[in-house]
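Results of the structural survey
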Amino acid sequence: MKQNSPKAQLHRLLRSMDFVSRHLALKGDTAETRRFAEIYQQLGLAWEFLALQCRHRDGWRKVRDGKSACKVCGLIRGAKEQWLLLSREGKKAIGRRAMPNSKRKFPNRKAATVVNDTIEFHGAKLNVEVLNLHRSNSRWHRKHDWIIAADRLVRLQEGGIDVRFDTHLVTVELSKHKRDEMPTYSHFVSELPRKLLKNFPVMLQFDQRRRFTGLVIFKPNPDTARRRSK
Ligand SMILES: [Zn+2]
């Protein structure tokens, strides 16, 4: 075992944790007790970080309650890890593409949540929320027993622009709607007069067979957007 391999470090760390946890000083209630308790906390944190590097390849040993622990780092098999280890270079992956995973109807949004996670990535904010079918939390909706469909909601915020994905729509919001303002309008392009269309810097994209392939929105004022994101 190399002196500085994660395995050797873990071995040493676990021995220190054993030593501290069995120390007589922990029995009383003195300044020394508190110091030892704090050291134990710090060792525990160091252990969590070292265990992230463990691939649990040396097998598992049986511990109490029919659970198994990794022979090297002592992590309980199947336990939720508190931290993520990401490589600085190359592609980073966190989690899998989660989808609604039950046909049941859940009593509220929290119980129906499969995933709700957010990351700030070099200044862009990304949230993924996956929900099973559930009863609405809002009091007004509750009165009418409103049911919210199972959905996978993805929201990306960048430079003051907000893009949301759900099962049926991609919604782009360039400016935040304020509560006290009149609600915004929405119409299909074909419903709008030419004169009004001139206000909207949008290009529709389509292929040779005139199938819709996407759209381009020119940012209203790129300079303000850039300044806001700083
Ligand atoms: Zn391990």
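As shown above, the structure is provided for reference.
Residues numbered from 1 in each chain as written. Predicted model: local features only at pLDDT ≥ 70, side-chain atom pairs only at ≥ 80, totals over all residues. Heavy atoms only, no water.

This paragraph deals with the coordination of the zinc ion. At this site the zinc ion is bound by Cys 54 (SG), His 56 (ND1), Cys 70 (SG) and Cys 73 (SG), with donor distances of 2.1 to 2.4 Å. One can describe the donor arrangement at the zinc ion as tetrahedral, given that its 4 donor atoms subtend angles of 103 to 116° at the metal. In terms of primary sequence, the donors binding the zinc ion are separated according to C-x1-H-x13-C-x2-C. Taken together, the residues Cys 54 in the loop between helix H2 (31–51) and strand E1 (60–62) and Cys 70 in strand E2 (residues 68–70) connect sequence positions 16 residues apart. Judged by relative accessible area, Cys 54 falls into the buried class, the value being 10%. (Donors = N, O, S within 2.8 Å, 3.2 Å for Na, K, Ca; no water. Tetrahedral: all angles 85-135°; square planar, octahedral: opposite > 155°, others 65-115°. Helix = DSSP H or I, 4+ residues; strand = E, 2+ residues; numbered from the N terminus. Buried < 20%, exposed > 50% of the residue type's maximum accessible area, 1.4 Å probe, protein only.)

This part takes up the pattern of salt bridges. One pass over the structure, following the stated rule, counts 7 salt bridges. A salt bridge links Asp 58 to Lys 7, with the nearest nitrogen and oxygen atoms 2.6 Å apart. Within this pair, whereas Asp 58 is found in the loop between H2 and E1, its partner Lys 7 is found in helix H1 (residues 6–21), the two being separated by 51 residues in sequence. Taking the shortest distance from any N to any O, the salt bridge between Arg 164 and Asp 162 comes out at 3.8 Å. According to the relative accessible area criterion, Arg 164 is partly exposed, its value standing at 35%. Taken together, the shared-partner salt bridges in this structure form one network comprising Arg 155, Asp 162 and Arg 164. (Salt bridge = Lys/Arg side-chain N within 4 Å of Asp/Glu carboxyl O.)

Considered as a void within the structure, the largest pocket measures approximately 1600 Å³ in volume. Val 172, Tyr 185, Ser 186, His 187 and Val 202 are, among the 28 residues lining the largest pocket, the residues nearest its centre. When residues of the lining of the largest pocket are traced back to their parent elements, those giving at least two are strand E9 (170–173), helix H5 (194–197), strand E10 (202–206) and strand E11 (212–217). Tallying contributions element by element places E9 first for the lining of the largest pocket, with 4 residues. For the lining of the largest pocket, a count of residues per class yields 18 nonpolar, 7 polar and 3 charged. By volume, the second largest pocket is sized at about 670 Å³. Forming the walls of the second largest pocket are 18 residues, and the residues nearest its centre are Ile 94, Gly 95, Ile 119, Leu 126 and Val 128. (1 Å grid on protein atoms, 1.4 Å probe; cavity = no way out; pocket = protein on both sides within 12 Å on 5 of 7 lines; lining within 4 Å. Points joined across faces, edges and corners; volume = space filled by probe spheres on them. Nonpolar A, V, L, I, M, F, W, Y, C, P; charged D, E, K, R; others polar.)

In a regular helix each residue adds 1.5 Å, so 16 residues correspond to 22 Å; H1 covers 22 Å between its end C-alpha atoms and thus fits that length. All of the buried residues along H1 are Ala 8, Leu 10, Leu 13, Met 17 and Val 20. Its buried side turned inward, H1 meets H2. (Expected span 1.5 Å × (residues − 1). Contact = heavy atoms within 4.5 Å.)

Right, let's get into the nonpolar core. In terms of nonpolar packing, the biggest core is built from 14 residues, with Leu 10, Leu 13, Leu 43, Cys 54, Cys 70, Val 72 and Cys 73 touching the most fellow members. Listing elements by their share of this core, those giving two or more residues are H1 and H2. Among all residues touching Leu 13, those that are not within four sequence positions of it are Leu 43, Ala 46, Trp 47 and Leu 50. (Core = buried A, V, L, I, M, F, W, Y, C linked by side-chain atoms within 4.5 Å.)

Helix length check: H2, at 21 residues, gives a terminal C-alpha distance of 30 Å against a target of 30 Å (1.5 Å per residue), a fit within 8%. When we look at burial in H2, the residues that qualify are Thr 33, Phe 36, Leu 43, Gly 44, Leu 50 and Ala 51. Projected down its long axis, H2 shows its buried positions confined to an angular sector of 125°, all on one face. Facing away from the buried side of H2, by more than 90 degrees, are the exposed residues Arg 34, Arg 35, Gln 41 and Gln 42. The secondary structure elements touched by the buried residues of H2 are H1. (Arc of directions from axis to C-beta.)

Treat this as a map of the structure, not an account of what it does.
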